[in-house]
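Residues per chain, in single letters:
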Amino acid sequence: MKLTKTRIYDTNPQILTAFANSSIQLIVTVENEILSQLTDPTQAYNWVNTRIKPYFPATKITAIAVGNEVFTGDDDAQVEDLVPAMINIQSALAQLGLDKYIQVSTPNSLAVLAQSYPPSAGSFTGEITRVMQQLLKFLSDTKAPFWINAYPYFAYKDSPNKIPLDYVLFNPNSGMIDPNTRLHYDNMLYAQVDAVIFAIAKMGYGNIEVRVSETGWPSKGDADEVGATVQNAAIYNRNLLRRQIQNEGTPLRPNWRLEVYIFALFNEDMKPGPTSERNYGLFQPDKTMTYNVGLLALSTTSSTSTSTSSASISRTSSATKVKYL
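Residues numbered from 1 in each chain as written. Predicted model: local features only at pLDDT ≥ 70, side-chain atom pairs only at ≥ 80, totals over all residues. Heavy atoms only, no water.

> How should I be thinking about the overall build of the chain in this particular structure?
The secondary structure content of the chain amounts to nine helices and 14 strands. Across the 325 residues of the chain, 52% fall into the buried class. At a minimum sequence separation of 6, the contacts of the chain that also span at least 24 residues come to 68%. A total accessible area of about 14400 Å² is found for the chain, and carbon and sulfur atoms account for 51% of it. (Helix = DSSP H or I, 4+ residues; strand = E, 2+ residues; numbered from the N terminus. Buried < 20%, exposed > 50% of the residue type's maximum accessible area, 1.4 Å probe, protein only. Contact = heavy atoms within 4.5 Å. Areas by Shrake-Rupley, 256 points an atom, 1.4 Å probe, with all protein chains shown as cover.)

> Can you walk me through the side chain of Gln244 in this structure?
Relative to the elements of secondary structure, Gln244 occurs in helix α8 (residues 230–245). At 3.2 Å, the side chain of Gln244 and the side chain of Arg257 are in polar contact. (Polar contact = N/O pair within 3.5 Å; in protein donor to acceptor, adjacent residues only side chain to side chain.)

> Looking at this structure, I do not really get the pairing of strand β2 (residues 25–30). What am I missing?
On any regular strand, side chains alternate: one points to one face of the sheet, the next to the other face. Of all six residues in β2, five are buried; the element is thus mostly enclosed. Where β2 and strand β3 (residues 60–66) come together, six bridges link them in parallel fashion. Within β3, the residue paired with Thr29 across the bridge is Ala65. Between the parallel elements β2 and β3, the chain passes through helix α2 (residues 41–51) in a crossover that is right-handed. (Pairing = 2+ DSSP bridges. Right-handed = clockwise from strand over helix to strand, strands pointing away.)

> Help me understand the pattern of salt bridges, please; the structure alone is not making it clear to me.
In total, this model carries nine salt bridges according to the counting rule given. In this structure, Arg130 engages Glu80 in a salt bridge whose closest nitrogen and oxygen atoms are separated by 2.4 Å. Of this pair, Arg130 sits in helix α4 (residues 129–142) while Glu80 sits in helix α3 (residues 76–95), and the two are 50 residues apart along the sequence. Between Lys271 and Glu268 there is a salt bridge whose closest N-O contact spans 3.7 Å. Given a relative accessible area of 28%, Lys271 falls into the partly exposed group. Classification of Glu268 by relative accessible area gives buried; the value is 15%. The network of salt bridges with common partners includes Asp186, Arg243 and Glu248. (Salt bridge = Lys/Arg side-chain N within 4 Å of Asp/Glu carboxyl O.)

> I keep staring at the environment of Ile128 and nothing clicks. Help me out?
Within the secondary structure layout, Ile128 lies in the loop between β7 (123–124) and α4. Sequence separation of Ile128 and Thr72 is 56 residues, and the distance between their C-alpha atoms is 9.1 Å. Those residues in contact with Ile128 that sit more than four places away from it in its chain are Phe71 and Val112.

> Explanation requested: the packing of aromatic side chains in the structure shown.
Two numbers describe a pair of aromatic rings. These are the distance of the centres and the angle of the planes. Applying the stated criterion across every chain, the model contains 12 aromatic pairs. Summarising the aromatic geometry, the rings of Tyr153 and Trp217 are spaced 5.1 Å apart at their centres and angled 70° between planes, so their arrangement reads as edge-to-face. Residue Tyr153 is located in helix α5 (residues 152–158), and its partner Trp217 is located in the loop between β11 (210–215) and α8; the two are separated by 64 residues in the primary sequence. For the residue pair Tyr153 and Trp217, the accessibility class agrees, reading buried in each case. Consider the rings of Phe170 and Tyr190, whose centres lie 6.2 Å apart with planes at 75°: the pair is edge-to-face. Of this pair, Phe170 sits in the loop between α6 (165–168) and β9 (176–177) while Tyr190 sits in helix α7 (residues 188–202), and the two are 20 residues apart along the sequence. Owing to a relative accessible area of 3%, Tyr190 belongs among the buried residues under this scheme. Taken together, the ring pairs in this structure connect Tyr151, Tyr153, Phe154, Tyr156, Phe170, Tyr190, Trp217, Tyr236, Phe263 and Tyr280 into an aromatic cluster. For Arg253, the ring lying beneath its charged end belongs to Trp256, and the centroid distance is 4.1 Å. (Phe/Tyr/Trp six-rings, centres within 6.5 Å; stacked < 30°, edge-to-face > 60°. Lys NZ or Arg CZ within 6 Å of the ring centre and 35° of its normal.)

> Would you explain the nonpolar core in this entry?
Counting 89 residues, the largest nonpolar core has Ile64, Val66, Phe124, Met132 and Phe146 as the members making the most contacts within it. In terms of residue count, α7 provides more of this core than any other element does, 10 residues in total. Not counting residues up to four positions away in its chain, the partners in contact with Val66 are Val30, Leu35, Leu82, Ala85, Met86, Ile89, Val104, Ser105 and Thr106. (Core = buried A, V, L, I, M, F, W, Y, C linked by side-chain atoms within 4.5 Å.)

By themselves, these figures tell us nothing about what the structure is for.
Here is the structure:
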C-alpha cells in the first residue's frame, strides 16, 4: 500500500521539510496551549506565514487541526478561544492565497455528545451548545469536515456484559435497529458516527461531512481493561480496514465514504495512564510489528477486485497519522 496522507501533532520544521516533494498529503496541528495567542489576528497571520507558507506547496499541507478535544478538556478558556483562533487562521490562509488548498477544523472527543444511543437520539451536551453552534457555522461556511475521535473499545470495556463483542469488532452479528429511523447497524463505530451526524443536524447543519479522526483498539491492558488483547486489536483493525477498502458509508449516509484514521501506528511506551494507553500501536517503538493486521493481503484483494478504487486506509500515532492507498 502506498502512503498517501499523514498527520503530525505540531508543525515541526524538520518533519515538514522531510515530506517536501513526497506527494504525501499532510495535516498539521495547532497545540491547545497556543490557542489564546491565535485569537489575535496578527499572531494568527504570523503563525500561518511562518509555520505553513514557507513549506507549501513543496510539502502538501491539506489541513490544519486547531487543537485536539478542546471541548472535553479542563480549560474553559481554550473552549472560548477555539473558534476565534480557527477564524483567524482561516483569514490568514485567505490573505496568503492558501485557503483554496488548506482546510481548518478541530478533532473532538465523542464525549461532546450527551446522548449517542440510539443514533437518532444523538445530541450535544448542553454546556457546549453555544460554542458548538459557532464551530458548526464555521465548518459549514468553509466546507470543512467535523472530526470525531470515536472508540467503541471504551463502550465495550465499561459494559462487556451488555455489549456484544462481535458488534464492536465488526464481526458478523445481528446488530441493532434504530427504533426511530429503522436503520440497521452491524457495528458500533458507524452508530457512533451517525449519532454525531444527528447531533449536528439538530443544530441546523445537515450537510457537514463527519470524519473519524481517531479510532483503534489496545493490544494490552490492565486487569480491569476488559477486551484489551492482541487478538481483538488485530480483528478490529483488520475488519475496519476491509470496510475502508470497500469505500463504505454509514447507514445514515451510505453514499458518503466514511474517512477513518486508525490509532495508532506505534505504541507509546512512555505515555502515562492505564496500560492500554501505551498499546494502541500496530508497531512497537523499535519498529517491530505488534501484530499483523494484514495490510498486504488487503491491498492485494483490493487491487484485484477493481482497478479504479480510490479506497484509502489511515493509521495514526502520537507523532503522525498515516494514510495508505
